Amino acid sequence: MNLFVKHSAFMVSVFISCALLSCKVNKQKNAGEPTTTNTYKKPNIVLLFVDDYGWSDIGYRNSTFNTPNLNQFKKESLDFTRAYIPTPTCSPSRVSLLTGKESARLEMSRHVPEEELFINEKYNLWPTDPVQRPSINYLPLEEVTYAEELKKHGYYNYFIGKWHVGHVGRYPIDQGFDAEFGTTDNGHPKSYYFPFFKNGDPRNFMKDYKEGDYLTDVLTDGAVDFIKNYDKTAPFMLSFWYYSVHGPSVGRKDLLKKYQDAGLEGKYAHHAAMVEAMDASVGRVRKAIKEKGIEDNTVIIVLSDQGGAYTNAPLSGGKKGGNTLGEGGARVPLLISYPGVTKPNTETDIPVQSIDIYPTLVELASGKKYQNDAIQGVSLLPLLKGNKIAKRNLYFLRSYEDQYAAVISGDWKLIKYHSGKFQLFNVTEDISEQHDLIGTGLKIEATLKEDIRNWERDFVPAYK
C-alpha cells in the first residue's frame with residue numbers, strides 16, 4: 001500500500017507552500033538569519049524517536065534483545081553513552097526535543113492527559129504529587145519548534161507517529177511540520193494490532209487498515225513510502241516518533257514465540273518482541289535511504305524519550321516506581337550518524353541531553369554556528385566532529401512523586417526529594433547507584449546543592 005501517494009492530495013498544498021517559503025527565504029534573508037555557503041551541502045535528516053526504550057534494551061548491551069539493525073548502526077555512528085532526558089516523561093520529553101528547552105521552563109512537568117475535558121484547560125494536577133504542581137496541557141503555539149526553524153533553511157518537514165503535546169489544533173502541522181501521518185490524541189494505543197486506538201483519531205487514518213495489521217509496521221510503511229517517493233529538490237527532515245515500545249506490551253505474533261521459547265514469560269516476552277519489531281523498522285528505514293541513493297548525505301538520529309518500564313539493569317530506576325531520575329529512567333540510547341563527518345563505531349561519555357538535538361539540527365540545516373540564549377541545549381556538532389563541548393551542569397525535574405529534581409555535573413549526580421532527602425552518586429564509578437555518598441564530607445555535595453537551589457529559583461515556575 002503506497003501511503004505517501006494515498007495522502008498526496010492532502011500534501012500537495014503543503015508542498016507548494018514549502019516551495020514558496022523556500023523561495024522567499026532564499027530571496028529575502030531576514031536580519032540575523034543564518035545563511036549557508038555555496039559549498040555547504042545540506043543533509044537530509046531522519047530522527048527516529050522511540051518511546052520508553054531503555055538504555056539497556058539493546059542487543060549490544062543486553063543479549064536478551066535481538067537488535068541486529070541497531071547493532072549495525074552503532075558500528076556506523078557515534079554512541080552517546082551518557083545521554084539523558086531533562087524530564088523523563090512522555091510529553092515533557094517531546095517538548096524539550098521540539099524546543100531545545102527544559103520543559104520545566106515551559107511549565108510542563110507531566111504527560112498531557114488524553115481525556116477530552118483537558119482539551120481547553122491550560123493545566124492539570126496529579127493527585128499524588130506532593131506539592132500539586134500545575135502542569136500545562138499543551139505546547140504553546142508561540143514556541144518555535146525545530147521544524148519551524150528548519151523551514152527557514154528550506155527544509156521540508158514530515159512527521160509520523162506519536163505527538164502527545166497537544167490535541168487537534170496543536171498538532172505537528174500547527175507547529176511547523178508540512179504534513180503528518182499517524183498522529184492522534186493518544187499517548188499510547190489500545191493495542192498494537194488494528195484497530196489500534198480506543199479513541200482520539202481525528203485524522204481517521206485507521207480506516208485504511210484491517211485486522212492483523214501491526215501499528216509499528218503501518219507507521220514504518222509510511223516512512224518508507226515517504227522516502228521512496230520524495231521528489232522535491234529541498235532537503236527533508238523526517239521525524240518518525242514511534243508509539244512503540246510503550247505499553248501495552250503487545251508483541252508481533254511472528255516474533256513472540258521465539259522469546260517465549262527462550263524462557264521469557266508474559267509481558268517480558270511481548271516487550272522483547274516489540275523491541276525486535278522496532279529494530280526491524282529501523283532497518284527498513286535505513287534500507288529505504290540506501291535504495292534512494294541518499295545514504296551519504298543523510299544524518300540519522302536514534303533516541304528514546306525515557307527509560308524502560310521494566311528492568312533497566314545494570315541501571316537503577318526506570319519509567320515507574322518512584323526512581324525515574326535514577327539512571328534507568330533518565331539515561332537513554334542516543335546514536336547519531338553523520339556520513340563523512342562522524343567517525344564510525346565511536347563512543348563518547350560526555351553527558352548530554354535531548355535539548356541538545358534542537359541546536360544540532362539547526363546547525364546541520366544552516367551550515368552555521370547557532371546561538372540562541374532562549375534555549376538551554378547546546379549543539380552536539382563538535383562531538384560529532386571528534387571535538388569537545390564546554391563542561392556544564394544538566395538539570396532534571398519530575399512531578400509525580402517525592403523524588404523530583406536532580407543535577408548532573410561530570411561524574412556526579414545529586415537527587416533531591418520533596419521530603420528533604422538527598423542522594424549523591426558517582427555514576428561513572430557506580431553506574432547502578434548503589435552507594436549513596438551523601439553526608440560523607442565530599443565538597444561536591446555542597447556545590448551541587450547550591451547549584452540545584454539556584455536552578456530552581458531561577459527557572460522552575462513554582463519557585464519564582
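Coordinates for the structure precede this section.
Residues numbered from 1 in each chain as written. Predicted model: local features only at pLDDT ≥ 70, side-chain atom pairs only at ≥ 80, totals over all residues. Heavy atoms only, no water.

> A description of the sheet that holds strand β13 (residues 352–353) should follow, citing residues and the corresponding values.
Here 3 strands make up an open sheet; going across it, the order is β10-β3-β13 and the pairing mixed. The two strands at the open ends of the sheet, each matched to only one other strand, are β10 (331–332) and β13. Alignment of strand β3 (residues 83–84) against β10, held across 2 bridges, turns out to be antiparallel. When the sheet's bridge partners are listed, Ala83 is paired in β10 with Val332. (Pairing = 2+ DSSP bridges. Helix = DSSP H or I, 4+ residues; strand = E, 2+ residues; numbered from the N terminus.)

> Which residues make up the sheet that holds strand β14 (residues 393–397), and what are the values?
Judged by pairing direction, the sheet is antiparallel, and its 4 strands sit side by side in the order β14-β15-β16-β17 without closing on themselves. Where the open sheet ends on each side, the last strands, each with one partner, are β14 and β17 (422–426). Each adjacent strand pair in this sheet contributes to an overall mean axis angle of 15°, direction not counted. Looking at chain direction, strand β15 (residues 403–409) and strand β16 (residues 412–417) are connected through 6 bridges and run antiparallel. Counterpart to Ala405 in the pairing with β16 is Lys416. Across the sheet, helix α12 (residues 443–459) is in contact with β14, β15, β16 and β17; its angle to β16 comes to roughly 55°. (Axes fitted to C-alpha atoms, helices over the stretch in contact; angles between N-to-C directions. Contact = heavy atoms within 4.5 Å.)

> Explain the pattern of salt bridges residue by residue, including any values.
Taken as a whole, this structure holds 29 salt bridges when the rule is applied. In this structure, Asp217 and Arg252 form a salt bridge, with 3.3 Å as the shortest nitrogen-oxygen distance. Of this pair, Asp217 sits in helix α6 (residues 215–229) while Arg252 sits in the loop between β8 (236–241) and α7 (253–261); the two residues are 35 residues apart in sequence, bridging distant segments of the chain. Taking the relative accessible area as the measure of exposure, Asp217 reaches 21% and is therefore partly exposed. Overall, the relative accessible area of 17% leaves Arg252 in the buried class. Among the salt bridges present, the one from Lys257 reaches Asp261, with a minimum N-O distance of 2.8 Å. With Lys257 and Asp261 both in helix α7 and 4 residues apart, the pair spans about one turn of that helix. Assessed through its relative accessible area of 56%, Asp261 is described here as exposed. Salt bridges sharing partners connect three or more residues here, namely Asp51, Arg94, Lys162 and Asp305. (Salt bridge = Lys/Arg side-chain N within 4 Å of Asp/Glu carboxyl O. Buried < 20%, exposed > 50% of the residue type's maximum accessible area, 1.4 Å probe, protein only.)

> Let's hear about the packing of α7 against helix α8 (residues 266–292): which residues, and what values?
Two elements in contact, α7 and α8, have axes whose closest approach is 8 Å; the angle formed by their N-to-C orientations is 130°. Classified by the angle between their axes, α7 and α8 sit oblique to one another. With respect to the hand of their crossing, α7 and α8 are arranged in right-handed fashion. Each of Leu255, Leu256, Lys258, Tyr259 and Gln260 in α7 lies in contact with α8, whose residues at this interface are Ala269, His270, Ala272, Ala273, Glu276 and Ala277. Here the residues of the contact of α7 with α8 are counted per class, giving 7 nonpolar, 2 polar and 2 charged. (Parallel < 35°, antiparallel > 145°, perpendicular 65-115°, else oblique. Left-handed = near helix turned anticlockwise from the far one by under 90°. Nonpolar A, V, L, I, M, F, W, Y, C, P; charged D, E, K, R; others polar.)

> I'd love a proper account of the packing of aromatic side chains, names of residues and values included.
Summed over the entire model, instances satisfying the criterion amount to 24 aromatic pairs. On the basis of an interplanar angle of 15° and a centroid distance of 4.5 Å, the ring pair of Tyr158 and Phe226 is categorised as stacked. Taken together, the residues span a long stretch of sequence, with Tyr158 in strand β6 (residues 156–161) and Phe226 in helix α6 at a distance of 68 residues. By relative accessible area, Phe226 is classed as buried at 0%. Ring geometry for Phe159 and Trp163: centres 5.3 Å apart, planes at 90°, overall edge-to-face. For Phe159, a relative accessible area of 0% gives the class buried. (Phe/Tyr/Trp six-rings, centres within 6.5 Å; stacked < 30°, edge-to-face > 60°.)

> Tell me about the pairing of strand β9 (residues 298–304), residues and numbers included.
Each regular strand carries side chains that alternate between the two faces of the sheet. With 7 of its 7 residues buried, β9 lies for the most part within the structure. What you see with β9 is no split at all: Thr298, Ile300, Val302 and Ser304 on one side and Val299, Ile301 and Leu303 on the other are buried throughout.

> Describe in detail the nonpolar core, supporting the description with residues and values.
Nonpolar side chains in soluble globular proteins tend to end up buried together. Counting 54 residues, the largest nonpolar core has Leu48, Leu238 and Met278 as the members making the most contacts within it. When residues in this core are grouped by element, the largest group, 11 residues, is from α8. Setting aside residues up to four positions removed in sequence, Leu48 forms contacts with Phe240, Tyr242, Val282, Val285, Ile300, Ile301, Val302 and Leu303. Listed in part, the 49 residues of the second largest apolar core include Leu106, Leu334, Tyr338 and Leu364. (Core = buried A, V, L, I, M, F, W, Y, C linked by side-chain atoms within 4.5 Å.)

> Would you mind going over the pairing of strand β1 (residues 44–50) in detail, with residue names and values included?
A large share of β1 lies buried, amounting to 7 of its 7 residues. Side-chain alternation along β1 places Asn44, Val46, Leu48 and Val50 on one buried face and Ile45, Leu47 and Phe49 on a second face that is also buried. Where β1 and β8 come together, 5 bridges link them in parallel fashion. Each bridged residue has a counterpart across the sheet, and for Ile45 the counterpart in β8 is Met237.

> Pulling in residues and values, what's your account of the side chain of Lys413?
Structurally, Lys413 can be placed in strand β16. Judged by relative accessible area, Lys413 falls into the buried class, the value being 1%. Beyond its immediate sequence surroundings of up to four residues, Lys413 is in contact with Leu325, Gly326, Glu327, Val407, Ile408, Gln423, Leu424, Phe425, Val427 and Glu433.

> Lay out helix α4 (residues 90–99) in plain terms, naming residues and giving numbers.
Burial runs high along α4: 10 of the 10 residues are buried. The set of residues buried in α4 consists of Cys90, Ser91, Pro92, Ser93, Arg94, Val95, Ser96, Leu97, Leu98 and Thr99. Taken together, the buried residues of α4 touch β1, α5 (146–151), β8, β9 and α10 (357–366). Phi for Gly100, located one or two positions after α4, is positive at around 75°.

The values are spatial; any link to function lies outside them.
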